[in-house]
Structure formats: C-alpha cells, structure tokens
Amino acid sequence: GLFGTGEGPAHERTTLFTDAKSGLAAIISVYSTALGPAFGGCRYWTYANGNDALVDALRLSQGMAYKNALADLPFGGGKAVILRTPEQTDRTSLFKAFGRAVESLGGLYITAEDVGTTVDDMRAAQTETRYISGMPRDGEFGGNPSPKTAYGVFVGIEAAAQYVMDKKSLADMTVAVQGLGSVGWDLCRRLADAGAKLIVADIDEARVAEVRVRFGAQTVKPDEIAGVEADVFAPCALGAVITPEVAEHCRFRIVAGGANNQLASLAEGDTLHRRGIFYAPDFLINAGGIVSCAREFLGGTDEASVMTEVAKIRERLFALAQRVEKSGEAPARAAVSWAREKIENAAAR
Ligand code: NAD
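Computed from a predicted model, the values in this text were never measured in an experiment.

**A closer look at the side chain of Asp202**
You can see Asp202 is positioned in the loop between strand 8 (197-201) and helix 6 (205-215). At 5.2 Å, Arg207 is the nearest oppositely charged side chain to Asp202, a buried residue that forms no salt bridge. A polar side-chain atom of Asp202 sits 2.7 Å from the main-chain amide nitrogen of Leu180. From its side chain, Asp202 meets the backbone nitrogen of Asp204 in a polar contact 2.7 Å long. Here Asp202 is in contact with Gly179, Leu180, Gly181, Val208 and Pro222, once residues within four sequence places are set aside.

**A few points about the pattern of salt bridges**
Per the counting criterion, the structure on display carries 19 salt bridges. When the shortest N-O distance is used, the salt bridge between Arg333 and Asp270 registers 2.7 Å. Placement of Arg333 in helix 13 (residues 331-348) and of Asp270 in helix 8 (residues 266-274) is noted, with a sequence separation of 63 residues between them. Arg333 gets classed as partly exposed once you look at its relative accessible area, which sits at 31%. You can call Asp270 partly exposed: its relative accessible area is 28%. The residue Arg340 makes a salt bridge to Glu344 at a minimum N-O spacing of 3.9 Å. Residue Arg340 and its partner Glu344 are both found in helix 13; the two are separated by four residues, about one turn of the helix.

The rules behind these values
- Residues numbered from 1 in each chain as written.
- Predicted model: local features only at pLDDT ≥ 70, side-chain atom pairs only at ≥ 80, totals over all residues.
- Heavy atoms only, no water.
- Helix = DSSP H or I, 4+ residues; strand = E, 2+ residues; numbered from the N terminus.
- Buried < 20%, exposed > 50% of the residue type's maximum accessible area, 1.4 Å probe, protein only.
- Lys, Arg positive; Asp, Glu negative; His and termini not counted.
- Salt bridge = Lys/Arg side-chain N within 4 Å of Asp/Glu carboxyl O.
- Polar contact = N/O pair within 3.5 Å; in protein donor to acceptor, adjacent residues only side chain to side chain.
- Contact = heavy atoms within 4.5 Å.

Given below as structure tokens:
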C-alpha cells in the first residue's frame, strides 16, 4: 500500500509543521475521528529521512485508532512525530513550537508522551496548547502513562497464560523481556513479584545489570533475546521485532509485550498462529497508557478507577480469543477486524 501502511490513503489528515526558529519539523497524522478527537502520543526520534518519519506517523496513527477503539475510549486515533536533528538545541522552545502546532488543529488531535518524549516536554508544550495530557495535575489524576501501560501488559500476559496454558498464575513461568525502558522495567518488576523467571536484554548495559541484581533476571545479548526458549516473549523496545525469520523459528508459547507494531506485517501473525504460538495484539494489551492519558484529559477520575479500567484488558483478551476460535483468523487480524467494526459502526451513526 501507499507509504507502507498496507492500504491506500485511509488517513483523514496528515500535516507537516515547521518552525524555523526552534528547528521543529513535525508530522501530525490523524487516522480517524469517527469515535472522537484523534488521541495519541508524540514521538521524538532520529529518522534516516523524511519518508521514514512519514511512514512511522501513518502506521502509528492507524495503530492508535485501533487501540483507542478496542479500549472503548471516546477517541479516534492520531500520532505526532518530531524529526530529531542536531540543530534542536533548545528543547523547551522546540516543544513550545510543537504545542502551537497541536493547538492550531483546534482539538482535532490530542497529544501526550511517546518514545523519546518526557513529562517535561509535555509541560513545555502545555504552555501553548490545551489539547495535551500525560502530566501530574494539581489535585487531579494525571502523570506519566508508562506504569499504566506496564500494568496492562502484565494483565494481558496473565490472561494469555490462562487462555493458552491454563495457568492461574505466572509463578515459575519464563518470560523473555526485550527492552528495559519505562514499560519493560515496570513489567519486569511486576513479573518478578508474581514469581516469573526473567530473561532480559537491552542495548543499555547499565539497565541490564540493574535488572539482573534487582529481579534476579538471566541476561542475554540484544540480538539473542528473540531466539531464547521461553513461555512468553514480551517485546518492550521498538517495533517490527517479529520478522519472518523470528515468526518461523522462535521458541515461545505466547508473544505479548508493550512495543507498538511488533509484527513486521500481519503475515508474521499468521505464521505464529499456524505454529500454535498465541500473539496478544500489541494495540490490545498496551492500551494502559492511553487509557490513563484519556481519563486524565477528560478529568473527574482517580488512580483506582483508571487501574480498574486498564484491567479490562483481561476480558478483552478472552473476547478476542473467542473471535479467533470462531473465525479461524490469527489474533492480529481478528483484532484489526474487531477495531475496524467499532470505527465503521461509529462512522455510520
Ligand atoms: P523507552 O525508551 O523508555 O524504553 C525502550 C528501551 O528499549 C530502552 O531501554 C532501550 O535501550 C531499549 N532498546 C532499544 N533498542 C533495543 C534493542 N534493539 N534491543 C533491546 N533493547 C533495546 O520506551 P518505553 O516508553 O518503555 O516504550 C517501549 C515500547 O512500548 C515502545 O515501542 C513504545 O512505543 C511502546 N509503548 C509505550 C507506552 C508507554 O506508556 N510508555 C505505551 C504504549 C506503547
């Protein structure tokens, strides 16, 4: 398909924003607003070229539309990417310029953190826009979404283990975690508390060493983690880690992690399915962060209600498993169909 999204130009609107003074070059892509304003984080990343950034924005915004639909949030899907360059020396003015770009869309798109952006970046952008989330708020629920994402992924792994292996607990199960950043770290903590055995990898050796000491994890090199034998593989670094090669040869029972776009393409999901490996779709189980940001944005909630809402990932995974059994489709395809149904039903209303 066009731009590598696997389909034609299905996105509602995609805009390039530039600001000469701060060096901002940002792409904001709105996939769908059928269910509400497009909600999705802002990635700050070094891309090889502009087309790679565009493809990333298009793929990620489509993924957000599916994620928000399956999470039953009153929001459509969108995503922003800021192209990182060495000239961007003043981070505050960069994110202020980004905030003005978001504001100029008049609420069509609502932003938050993603890979490469921090709570401080959102605070800078917040001085310029109302359409923003993911920050601590005085006397109100809010803040860094990553721990909520990790909790949702943990719930998703538990549900997958129950469905696939009839396990009531993760005690003594082996989980391979790729990437020990905000999500992977917190996931390791929860898994260790639940008695799981961990095999971990990260390109950051200091983090690897700390997880080994803190959580008793076995450690392997970054290029080895997808090849180890484990009950569960939890990708929590970047996307497209389930390559054709990995899908065909990996030694897992379950793939369930926090990273976005884990499958190189839907075909790799089919390969896993054919091999009897259950793939818990990323956009179903990593929705904890967006649930947190969405509830923060809407206001009038608290920590406990948000955690209860995130835990609904458990029932959604079982509902997806039923759809898989009924249709015979691989989980990734079944989840895409389910999300598209919700978006199309809303668009038809
Ligand atoms: P992060 O930047 O904090 O952590 C990523 C970690 O992966 C880093 O420690 C990095 O060193 C490591 N890494 C990078 N390349 C690697 C490789 N080749 N092998 C092993 N490790 C590698 O990011 P995060 O916020 O933890 O997000 C992780 C993933 O989860 C991303 O794909 C992100 O899009 C997705 N996600 C995050 C959230 C959230 O709330 N933070 C929500 C939904 C999805």
